[in-house]
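Take a look at the letters that make up each chain.
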Amino acid sequence: MSSRRSRSLKVLIALCAALMCDAPTQAQEGLRLRPPFTGTYRMTAYFDHYFPLYGSDPDGRVTVYTGENVANCSPYCYRGHSGYDWSMSTGTPVLAVADGVVESVMESSTGYGNRVVIRHGNGYRTIYTHLREHRPGQGAPAFNVVVGQDVREGDVVGWSGNTGNSSGAHLHFGVYRGPCLLNDGRIYERNATDPFGWDGSAPDPLRNYPSAGQGHTASCLWRSGAEDVISCDDVIVEDASAGSIVAGRWLTSTRGNGYHMFYTNTLTNGSPISASWTTAAITTGVYRIYAFVPSQYATTRQARYSIWTANGWQDAQLNQLIYYDEWVPLGDYALPAGQGWVVMHAGTGESPARWIAADAVKFRRLRPTQPIHYAYLPVILHTYCPAQHGQLLVNGDFSTGDATGWVTERSSRHEAIVQRYNETNYGAWLGRYDDNQDRLSQRVSLCPADGEAHVSLSFWWWMNSAESEEAGESDYLYVRLRSPSGELLQTILVLTNLSQREQWTQAVFDLSAYASQTFWVSFEAVNNAEHPTHFWIDNVSLTVSR
Amino acid sequence: MYRLHPSPDRRLLVADIAYGEQVYPLVIDLKRSAVYTLPGEQAYFYVWHPDSRRVLVSAVEGWLLVDVMSRRYAPLAQFDTTGESLPLRALAYSPDGQSLADAAVYAPTVTETTARIEIGLWQAGQRRPLFSLADGSMLAEHSLRWSPDGQQLAFIADVHRDGGRQTQLWTIDMRTGNAEMRGMLAQEAQYNHPPAWSPDGSAIAAIAQRSDGEASIVVFDVRSGGRRDILLRPKGTPAHLVWSTDGRWLVFSLTQEEFSEVWVSSADGARQQAIARAMPAGAPFALVEGHE
């Protein structure tokens, strides 16, 4: 096998003096947080400002940082919650939100499960919980840090999972203004705070937690960089919140951001069915507007949005089918003060009918461009990476009879994904249950030495479904490429319950464009709640040739 | 609700109520059909005192011994400042109430790079380390259990060694301090079931996860060291394992699909039958009056 040194790289280092950067005015007390992950994920639970102590929350309602107070729990689930939850696949890297020292690393099958506590400056602590089961010997540790270790912002502290009192893989992230460990290692909730701060018109209820006058008013702590998916510059309007109105017949699901979403059939053009999001928390300026596209019930290729701007209505169109629990930008718009308003029309004219999702909308204020001064430092990086040939996937034919080499995830039930489908052959059985999501993925590392190579992905698929063909597309198998941190790079194939039934079919794709990259090959099934669809995958190969 | 803890005299029951990431203990008086809460901010139940009147809880206020009827509580008398600072994950009173065993779990640090579990014994306000399990990283919840005669202590721990993760059942002879690894219960799985001593102390039963993914119940003969695997028919996920008060039966929940049933098995595994059907999956139960 030949080898060669990688090409030299010039690294651009942008030096931005702190005074020249527009520091978020809300971030106080010296702590600024980056998001605890890269990419975008579905937030499934907000912080409750009124007594964030779980079952001890006396009002049984949820009060979020905008000041809105709703009955438990949609669209902000759930009462007494002392942090933020994001749904994410097991094994997603979880990142330190700021520099600090690891104060505690604990394995547990209850409560917060496996978790890390980091002590930052000014007494703040952050917690990262429900990390995956700790199996370092199997190449799947929960933790990437030890007690006493210094960490920098963005360092991987562990990998997400579903340990403890958790009903699905997610990250629970919490911020505390002071100590947060009890003598038995459990988390002490009295010092919990909301990193989104408090934007309500009334005083922050946290001021009276744990008792009258003994609490504090939360400050927004996100560093709010332009590239950050979470920002103090965001105004989020959840569907089913006070700023959301839907007209016509919509169905609801918990698969949306905030544990709630609306969805309906796309019907025909001119349908009176619509959804709108409004907020008065807008100042005159340019905003980037995002729609959250959930992984389910978002199959329209032609979602139409109308945005009210300083120049009247402007339109945007979105292919919801290709997004999977992601914030998707609709464009940048100059908005008039106090008038954030987005309308989505359900009638797209698509035939057969598809699902259109109305989930959260986000208004992000764009800051005026600041002059940036660059310094170019020539740096020669020497890395060794052997060129590769042949099949790179491990156990692509599942001949081991299990998922060796693959990462699997199943939202409901726990039967193995790899099963025998006839007397001699094993394959990956995805979908399979009502209301189920499966993921089967394997990481592939190609390096610059492979940059000129031909890379090909091939696999065989088979599908059968209990869904009637008249019901339209409702169950899906997405074949995707994802970055090492889980961000979607490309959806290369979408199979549905309307695809060819009961016939093994080969699919081949040219992935030469990814020849020098590391990425995940991911098969992701999403079944709705009606009837199961069964997708089988076998003989998956990713080959490199020259 | 996910776990029940009957008092030694089986008149009271602590029910762990789970909400979000927190667990709240409620005390149920089975004779009076009354329910009490426990004092202490974020109180978490650890163990009954042998007097069946008091419980040991961890709370923001510290380790507390709480009288469940009067709700009066006091810091745990055995602990000095050393006890409060230990990374304790389990505590258990000896049957005579004179001794308190604990388990401290030390996570890896920048200076001590491997985990360990240390079992200690408190007597007259002093703690004496009994046994240190190298590479021990997690203790199954409520798994520190004294034998009925107070001569031995059992616990279940996860050990990371030789590139793998094993869940192991250990016993410590409290007279000699000798520790013995009785058997492996699971591999590469985060395990959370306590062991169950037979009423006469001759055997320990525990739930095991076999390498083929099926679960079974194993019974360890304490004297001979023998191990008997009881295969479950039908297959399912067992939990909440207890012995009948006469020691003839093992009682457990068995979950299949969305429902759990209460099953009994003779101690040799020969006879198995369901005695209560169709609880929601994961519903706990406790044997409070025994089963014949």
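Note that this is a predicted model, so its numbers are computed, not measured.

Looking now at the sheet that holds strand β24 (residues 355-358) of chain A. All names here are of chain A. Strand order across the open sheet formed by 3 strands is β16-β17-β24, with antiparallel pairing between neighbours. Among the strands making up the open sheet, the edge pair consists of β16 (251-253) and β24. Averaged over all pairs of adjacent strands, the angle between strand axes in this sheet comes to 35°, irrespective of strand direction. For strand β17 (residues 261-265) and β24, the ladder comprises 4 bridges, and the chain directions are antiparallel. Its bridge partner lying in β24, Phe262 is registered against Ala358.

Take the sheet that holds strand β10 (residues 100-106) of chain B next. Residues and elements named next belong to chain B. If you walk across this open sheet you meet the 4 strands as β9-β10-β11-β12, and the pairing is antiparallel. What marks the edges here is a single partner per strand, and that holds for β9 (88-93) and β12 (126-134). Each adjacent strand pair in this sheet contributes to an overall mean axis angle of 20°, direction not counted. Relative to β10, β9 runs antiparallel, the two sharing 5 bridges. Within β10, the position partnered with Leu88 by the bridge is Ala104.

All names here are of chain A. On inspection of all chains with the given rule, the structure shows 2 disulfides over all chains. Put simply, Cys73 and Cys77 are joined by a disulfide, and their sulfur atoms are 2.0 Å apart. For Cys77, a relative accessible area of 3% corresponds to the buried category. One disulfide in the model links Cys220 with Cys232; its S-S distance is 2.0 Å. Disulfide Cys220-Cys232: torsion about the S-S bond near -95°, hence left-handed. Of this pair, Cys220 sits in the loop between β13 (192-193) and β14 (234-237) while Cys232 sits in the loop between β13 and β14; the two residues are 12 residues apart in sequence, bridging distant segments of the chain. Of the cysteine sulfurs around Cys180, a residue in no disulfide, the closest is that of Cys220, at 20 Å.

It is worth spelling out the nonpolar core at this point. By size, the foremost hydrophobic cluster in this structure holds 64 residues, and its most contacted members are A:Leu33, A:Trp86, A:Val116, A:Tyr128, A:Phe173 and A:Trp222. Residues within four places of A:Phe173 in sequence aside, it is in contact with A:Leu33, A:Pro36, A:Gly83, A:Tyr84, A:Trp86, A:Val97, A:Thr126, A:Ile127, A:Tyr128, A:Pro195 and A:Trp222.

Another aspect to go through is unusual backbone geometry. A cis geometry characterises the amide bond from A:Asn72 onward to A:Cys73, with omega recorded as 5°. Its place among the elements puts A:Cys73 in the loop between β4 (69-71) and β5 (84-87). Despite not being glycine, B:His142 has its phi angle at roughly 55°, a positive value. Along the chain, the position of B:His142 falls in the loop between β13 (136-139) and β14 (145-146). Judged by relative accessible area, which is 11%, B:His142 ranks as buried.

Contacts between the two partners involve 43 residues from chain A and, on the opposite side, 40 residues from chain B. Regarding the contact of chain A and chain B, the summed buried area is about 3200 Å², with carbon and sulfur atoms giving 45% of it. Broken down residue by residue, the surface that chain A buries against chain B is led by A:Glu107, A:Asn183 and A:Arg186, which jointly contribute 20%. In this structure, A:Arg190 engages B:Glu41 in a salt bridge whose closest nitrogen and oxygen atoms are separated by 2.3 Å. Applying the counting rule to chain A against chain B returns 27 residue pairs in polar contact (both at pLDDT 80 or more). Listing elements by their share of the side of chain A that touches chain B, those giving two or more residues are β7 (100-106) and β12 (170-177) of chain A. Classifying every residue of the side of chain A that touches chain B gives 12 nonpolar, 21 polar and 10 charged.

With that out of the way, let us pick up the confidence of the model for chain A. All names here are of chain A. Model confidence for chain A is summarised by a mean pLDDT of 86, while 90% of its residues fall at 70 or above. For residues 1-28, every residue scores under 50 in pLDDT, and the model assigns this stretch 51 contacts once sequence neighbours within four places are set aside. Taken together, the stretch residues 370-385 has pLDDT below 50 and engages in 28 contacts with residues farther than four places along the chain or on a different chain.

Once that is clear, we can look at the environment of A:Gly200. Residues and elements named next belong to chain A. Residue placement: Gly200 occurs in the loop between β13 and β14. In this structure Gly200 comes out as buried when scored by relative accessible area, which is 16%. Sequence separation between Gly200 and Val70 is 130 residues; the distance between their C-alpha atoms is 13 Å. Apart from the residues lying within four places of it in its own chain, the contact partners of Gly200 are Tyr65, Thr66 and Gly67.

Moving on, we get to the pattern of salt bridges. Between side chains of opposite charge, a pair can form when the charged atoms approach closely. Residue and element names in this part refer to chain B. Going through the model one piece at a time under the given rule, you end up with 38 salt bridges over all chains. A salt bridge links Arg53 to Asp51; its shortest N-O distance comes to 3.9 Å. Ionic pairing is found between Arg182 and Glu180, a salt bridge with its closest N-O pair at 3.6 Å. Bridged by salt links that share partners, the residues Asp102, Glu112, Arg116, Glu118 and Arg127 form one connected network.

Thresholds applied
Residues numbered from 1 in each chain as written. Chains lettered and ligands numbered in written order. Predicted model: local features only at pLDDT ≥ 70, side-chain atom pairs only at ≥ 80, totals over all residues. Heavy atoms only, no water. Pairing = 2+ DSSP bridges. Helix = DSSP H or I, 4+ residues; strand = E, 2+ residues; numbered from the N terminus. Axes fitted to C-alpha atoms, helices over the stretch in contact; angles between N-to-C directions. Disulfide = S-S within 2.5 Å. Buried < 20%, exposed > 50% of the residue type's maximum accessible area, 1.4 Å probe, protein only. Core = buried A, V, L, I, M, F, W, Y, C linked by side-chain atoms within 4.5 Å. Contact = heavy atoms within 4.5 Å. Buried area = accessible area lost by both parts, 1.4 Å probe. Salt bridge = Lys/Arg side-chain N within 4 Å of Asp/Glu carboxyl O. Polar contact = N/O pair within 3.5 Å; in protein donor to acceptor, adjacent residues only side chain to side chain. Nonpolar A, V, L, I, M, F, W, Y, C, P; charged D, E, K, R; others polar. pLDDT = per-residue confidence, 0-100.

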